[in-house]
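Understanding the architecture of this molecule
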Amino acid sequence: AKQTVTVIRGDGIGPSIIDSAIEILNAAGCDFEYEYVDAGLAALEKTGELLPPETLEAIERNKLTLKGPLTTPVGEGFTSINVTLRKQFGLYANVRPVKSFEGTQARYDNIDIITVRENTQGMYSGLGQVTSEDGTEAEAMSKITREGAEKIVTFAYELAQREGRKKVTAVHKANILKSTSGLFLKVAREVGERFPDIESAEMIVDATCMKLVMNPDEFDVVVTTNLFGDIISDLCAGLVGGLGMAPGANIGENAAIFEAVHGSAPDIAGKNLANPTSVILASIQMLEYLDMGETAERIRSAVADVIKSGDRTTRDLGGNHGTTDFTQAVIERL
Ligand code: NAI
Ligand code: MG
């Protein structure tokens, strides 16, 4: 039977970049069925819910989802849809690779870093969120479990092993956040000992940010807790030319959701300006997950070629072409 992929086109620039990625998958000869469902603002308008039950059922049934960014309305009592999805489907690992492409306006040209972000715990566990009645005090709870830490760090080392990587850096703030980050670091050290062939390093998160900017060559695989991983992965996107270049896979035992690192980019939505590379690279992650590495590589090299030639790139890459032109240029090279 054909593999069915759930598709959530998303909000803002989402539909344009998801359509781009799917056109490219089709042009590369991928024989998927696509089941389109809604989430986010698109779903709210149609159904009155941000995350309708049909959407959850499709994600569960097909196991694979390609997803555009979703807008979470701020301060209207909505919890983030992304956080909900990650928790609901136990998508504990968020894998965010960044790799340099020749022809971008990035400061570096040899970046190759994978951030493995714990995706369901920490500051984003949603626990204990309270604002006092008069609005003058607010609190939230961070929770780390040994099991959660062990799963994510083990995932990072196994990924390093599978991909022939040399080093895993555990990023933390155990000097201040002694309980939560402390537990994470303790477990990271224990897990690291089980992988003697891979160099283990540890680094405090603020220093990590400085070093990522100054000496990104020091980094290979980075593993960290939820909030730090969110921030560091945007920083890493900046090292390779911006958010338009950064994909992310949310992986659990029974489902996986592939998406861009960035959001719905309301400032450029509806203008044919978005760089679709982020979700094209996310679809490449999906192909690799399905052991379709050869097709993945073909698409990657077509994208690399378009960016390198610079003839039909988007504004963030220094060009003056739209999402659709960029997409056509990739398809022609396939
Ligand atoms: P954003 O990531 O949407 O945009 C940040 C900046 O990067 C903007 O200047 C935008 O134009 C630019 N940018 C992002 N993607 C781009 C692309 N593909 N090509 C060219 N430029 C690109 O962050 P922002 O504005 O803080 O958030 C907007 C909305 O997205 C919010 O509602 C937020 O909740 C949501 N969001 C959703 C995520 C998801 O669904 N996974 C992740 C992050 C934010
Ligand atoms: Mg983020």
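Bear in mind the structure is a predicted one, so any value in this text is a computation, not a measurement.

**Examining the site of ligand 1**
Around ligand 1, a shell composed of 21 residues is seen, among which P69, G244, H262, G263 and N275 lie nearest. Each residue belonging to the shell around ligand 1 can be placed in one class, and the counts come to 9 nonpolar, 9 polar and 3 charged.

**Looking at the domain arrangement of the chain**
Looking at the assigned domains, one finds that the chain contains domain 1 (1-111 + 241-334) and domain 2 (122-239). Spacing between the C-alpha centres of domain 1 and domain 2 amounts to 24 Å. If you look at the interface, domain 1 gives 17 residues, while domain 2 gives 16 residues. If one sorts the elements of the side of domain 1 that touches domain 2 by residue count, strand β4 (residues 93-99) sits on top with 5 residues. Split by residue class, the side of domain 1 that touches domain 2 holds 12 nonpolar, 4 polar and 1 charged.

**Re the environment of A329**
Position of A329 relative to the elements: it lies in helix α11 (residues 323-333). Measuring from C-alpha to C-alpha, the distance between A329 and A302 comes to 8.5 Å, with 27 residues separating the pair along the chain. The contacts of A329, once residues within four sequence positions are left out, are V306, D311 and R312.

**Quick notes on the sheet that holds β4**
Taken in spatial order, the 10 strands make up an open sheet running β2-β1-β3-β12-β11-β4-β5-β10-β8-β9, and their pairing is mixed. Pairing within the sheet leaves two strands with one partner each, and these edge strands are β2 (33-37) and β9 (199-204). The mean inter-strand angle of the sheet, taken between neighbouring strand axes irrespective of direction, is 20 degrees. Where strand β11 (residues 247-251) meets strand β12 (residues 256-260), 5 bridges bridge the pair, whose relative direction is antiparallel. Bridge pairing links A249 to F258 in β12.

**Here's the deal with helix α7 (residues 205-214)**
Every buried residue belonging to α7 is among V205, T208 and L212, and all of these are buried. On an axial view of α7, the arc spanned by its buried residues comes to 45 degrees, and they lie on one face. Seen from the buried face of α7, the exposed residues on the opposite side, beyond 90 degrees, are D206, A207, M210 and M214.

Conventions used here
Residues numbered from 1 in each chain as written. Chains lettered and ligands numbered in written order. Predicted model: local features only at pLDDT ≥ 70, side-chain atom pairs only at ≥ 80, totals over all residues. Near = placed C-beta within 6 Å. Nonpolar A, V, L, I, M, F, W, Y, C, P; charged D, E, K, R; others polar. Domains from an automatic or database assignment. Contact = placed C-beta atoms within 7 Å. Helix = DSSP H or I, 4+ residues; strand = E, 2+ residues; numbered from the N terminus. Pairing = 2+ DSSP bridges. Axes fitted to C-alpha atoms, helices over the stretch in contact; angles between N-to-C directions. Buried ≥ 20, exposed ≤ 12 C-beta atoms within 10 Å, placed from the backbone. Arc of directions from axis to C-beta.

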